[in-house]
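Single-letter residue listing:
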Amino acid sequence: MLNVALLSRWHVHANDYAQQAKANDGIQISAVWDEEPGRGKQWAEELAVPFYEDLDALLSQSDIDAVIVDTPTNMHKEVIVKAAQYKKHVFTEKVLAITVDDYQEIMKAIEAAGVELMVSLPRLTEDYYLRAQKVLDEGLLGTLTTIRCRYAHNGAVPSENSATGWLPPHFFDKEQCGGGALIDLGAHGIYLSNRLAGPARSLSAVLQSTSDQYEVDDNAAVLVDYQSGAIGILETSFLSSGSPFLLELYGTEGTLIVEDESVRLRAGGEWKEVTDPVSAPMPMEQWVQAINKTAEPSLKPEDFYNLTVMNQAAAKSNETGERVLLEDIITK
C-alpha cells in the first residue's frame, strides 16, 4: 500500500485524481498540501487526513511514499523537483512543464532520485486510440498522409453564473497555466497525434484570445509537418458547444474516423465499425504498477517530452507569426 499525499487542489481534475486514488487498492491518501492553505485545509477535512501548510514538512515524512501533483503548471518544476529530492514517486496532471528547460530539470531530478514519474495522458489508454494505433500498425491505411484531431468544449462560454464560463478563473491566468486552450485541452490532440504520426519537424500555430477578459488563448489551431511527410491539423477551443471529440486518419489505402467513442474504418470497401477488444491501464494504475515493478508503463518520458516541445513551439509560432522548426526549440 502506497501512502500518497495530494499536492494542491488547483487543477479542475484534482478531485478526479483523488477519486481514482481512493478507488485504487494500492493507494492510501494520507495527507494534503496546498499553495492556498484555506483550500487545502478544507480538502484535508473532507478526506479526514492531516493538512500540512509547509511542503518540506510533509515531504520529510518517512511514511509518505508518493505524491499526486495538481498545482498551477508554473509550480510543477519547483514542487516535482522537491518531491523527487525527498525520494517520493510523482504522479502529475499534464502538462509536465511549460518549457523544455524545465522538463530537463524535472527529469534530471527524477532520474537522480530513482523514483517513478507518471504524467496523466489518459487518452493514450482509451480503446479508440488503441484501435486506431492497431489499424495503423497493421498497414490498413497504407501510408498516413493526414491526421486531424479536434477536442473542444464550452468551458469559457459566459453564463448567468460566470462571466468566464464553467472553467475556474485561474485557468485564464497565463503565468500560472503557461497558456490557455492549447496547452490544456489541446494537449490531448498533441500527444495522440505525436504517437500516431511520429516525430514532428515543424509547426505553425494560431492561439487566439477572442475576449478582452482573457490573457490566454481560448481558441487555437496548429498545422504540423511530421518527419514522415504527413500533415497534422490540431484544433481546440474553450468556446465550442456541442463539438464531438474527433480523430481522423487519412492514408493512401484507407480512412479511419473516431467520433467520441465510435471508431469507423474504410479500407477498400464499405465503412465498418472497429470493435476489437483492446485495453490498457489508466495512467494512475500504470504508475502504481511501475512503482511496484509489476508492469512496464505504456506511457513514456518521450510522450511527456514531445508534448512539452510542441507546446513551446506553438507558443513561439503564435508570438512570431512564423513557422517554427522543432529542432530550434530543442537546441536553443
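Residues numbered from 1 in each chain as written. Predicted model: local features only at pLDDT ≥ 70, side-chain atom pairs only at ≥ 80, totals over all residues. Heavy atoms only, no water.

A. Geometry of the overall build of the protein. Along the backbone of the protein there are 12 helices and 15 strands. A compact globule built from 332 residues would reach a C-alpha radius of gyration of about 20 Å, and the protein, at 20 Å, matches this within 12%. Split into buried and exposed, the 332 residues of the protein put 54% on the buried side. Expressed as a percentage of contacts within the protein between residues at least 6 apart in sequence, the contacts between residues at least 24 apart total 68%. A total accessible area of about 14600 Å² is found for the protein, and carbon and sulfur atoms account for 46% of it. One finds the centroid of the 26 positive side-chain charges in the protein at a distance of 4 Å from the centroid of its 50 negative side-chain charges. (Helix = DSSP H or I, 4+ residues; strand = E, 2+ residues; numbered from the N terminus. Rg over C-alpha atoms; globule rule 2.2 N^0.38 Å. Buried < 20%, exposed > 50% of the residue type's maximum accessible area, 1.4 Å probe, protein only. Contact = heavy atoms within 4.5 Å. Areas by Shrake-Rupley, 256 points an atom, 1.4 Å probe, with all protein chains shown as cover. Lys, Arg positive; Asp, Glu negative; His and termini not counted. Charge placed at Lys NZ, Arg CZ, Asp CG, Glu CD.)

B. Summary view of the packing of aromatic side chains. In the structure shown here, the tally under the stated rule is 7 aromatic pairs. Between Phe91 and Trp287 the ring centres are 5.6 Å apart and the planes differ by 55°, which places this aromatic pair in the tilted class. One end of the pair, Phe91, is in strand β5 (residues 89–93); the other, Trp287, is in helix α10 (residues 283–292), and 196 residues separate them in sequence. Summarising the burial analysis for this pair, Phe91 and Trp287 share the class buried. Relative to Tyr305, the ring of Tyr103 has its centre 5.1 Å away and its plane inclined at 55°; by these criteria the two rings are tilted. (Phe/Tyr/Trp six-rings, centres within 6.5 Å; stacked < 30°, edge-to-face > 60°.)

C. Geometry of the sheet that holds strand β11 (residues 246–251). Strand order in the open sheet formed by 9 strands is β14-β13-β12-β11-β7-β10-β9-β8-β15, with mixed pairing between adjacent strands. A strand with exactly one partner marks an edge of an open sheet, and here the two such strands are β14 (272–273) and β15 (324–325). Across the sheet, helix α11 (residues 301–320) is in contact with β8 (200–208), β9 (219–226) and β15; its angle to β8 comes to roughly 55°. (Pairing = 2+ DSSP bridges. Axes fitted to C-alpha atoms, helices over the stretch in contact; angles between N-to-C directions.)

D. Examining the environment of Lys174 more closely. Note that Lys174 resides in helix α7 (residues 174–177). Excluding its chain neighbours within four sequence positions, the residues that come into contact with Lys174 are Gly179, Glu215 and Val216.

E. Looking closely at empty space enclosed by the protein. Using the criterion set out here, one finds 2 cavities of 30 Å³ or more in the structure. The calculated volume of the largest cavity comes to roughly 100 Å³. Lining the largest cavity we find Trp10, His11, Thr73, Lys94, Val95, Phe171, Cys177, Gly179, Gly180, Ile183 and Asp184. Considered class by class, the residues forming the lining of the largest cavity number 5 nonpolar, 4 polar and 2 charged. In this structure, the second largest cavity occupies an estimated 40 Å³ of space. Those elements giving two or more residues to the lining of the second largest cavity turn out to be β7 (144–152), α9 (186–197) and β10 (231–237). Sorting elements by how many residues they give to the lining of the second largest cavity places β10 first, with 3 residues. Tallied by class, the residues present in the lining of the second largest cavity amount to 5 nonpolar, 3 polar and 1 charged. (1 Å grid on protein atoms, 1.4 Å probe; cavity = no way out; pocket = protein on both sides within 12 Å on 5 of 7 lines; lining within 4 Å. Points joined across faces, edges and corners; volume = space filled by probe spheres on them. Nonpolar A, V, L, I, M, F, W, Y, C, P; charged D, E, K, R; others polar.)

F. Inspection of α9 at higher detail. Taking 1.5 Å per residue as the helical rise, α9 with its 12 residues ought to reach 16 Å, and the 16 Å between its terminal C-alpha atoms agrees with that figure. Among the 12 residues in α9, 11 count as buried, and that is most of the element. Listed as buried for α9 are Gly186, Ala187, His188, Gly189, Ile190, Tyr191, Leu192, Ser193, Asn194, Leu196 and Ala197. Within two residues after α9, Gly198 carries a phi angle of roughly 90°, on the positive side. (Expected span 1.5 Å × (residues − 1).)

G. Broad picture of the pattern of salt bridges. The tally for this structure, following the rule as stated, stands at 17 salt bridges. Note that Asp184 is salt-bridged to Lys94, the shortest N-O span being 3.2 Å. On the criterion of sequence distance, the pair formed by Asp184 in helix α8 (residues 181–184) and Lys94 in the loop between β5 and α5 (100–113) is long-range, its members being 90 residues apart. According to the relative accessible area criterion, Lys94 is buried, its value standing at 5%. With its nearest N and O atoms 2.9 Å apart, the salt bridge here joins Arg201 to Asp225. Note that Arg201 is positioned in strand β8 and Asp225 in strand β9, a separation of 24 residues in sequence. Here Arg201 falls in the partly exposed class, since its relative accessible area comes to 40%. Residue classification places Asp225 among the partly exposed residues on the basis of a relative accessible area of 22%. Here the salt bridges do not stand alone but share partners, grouping Asp34, Glu35, Glu36 and Arg39 into one network. (Salt bridge = Lys/Arg side-chain N within 4 Å of Asp/Glu carboxyl O.)

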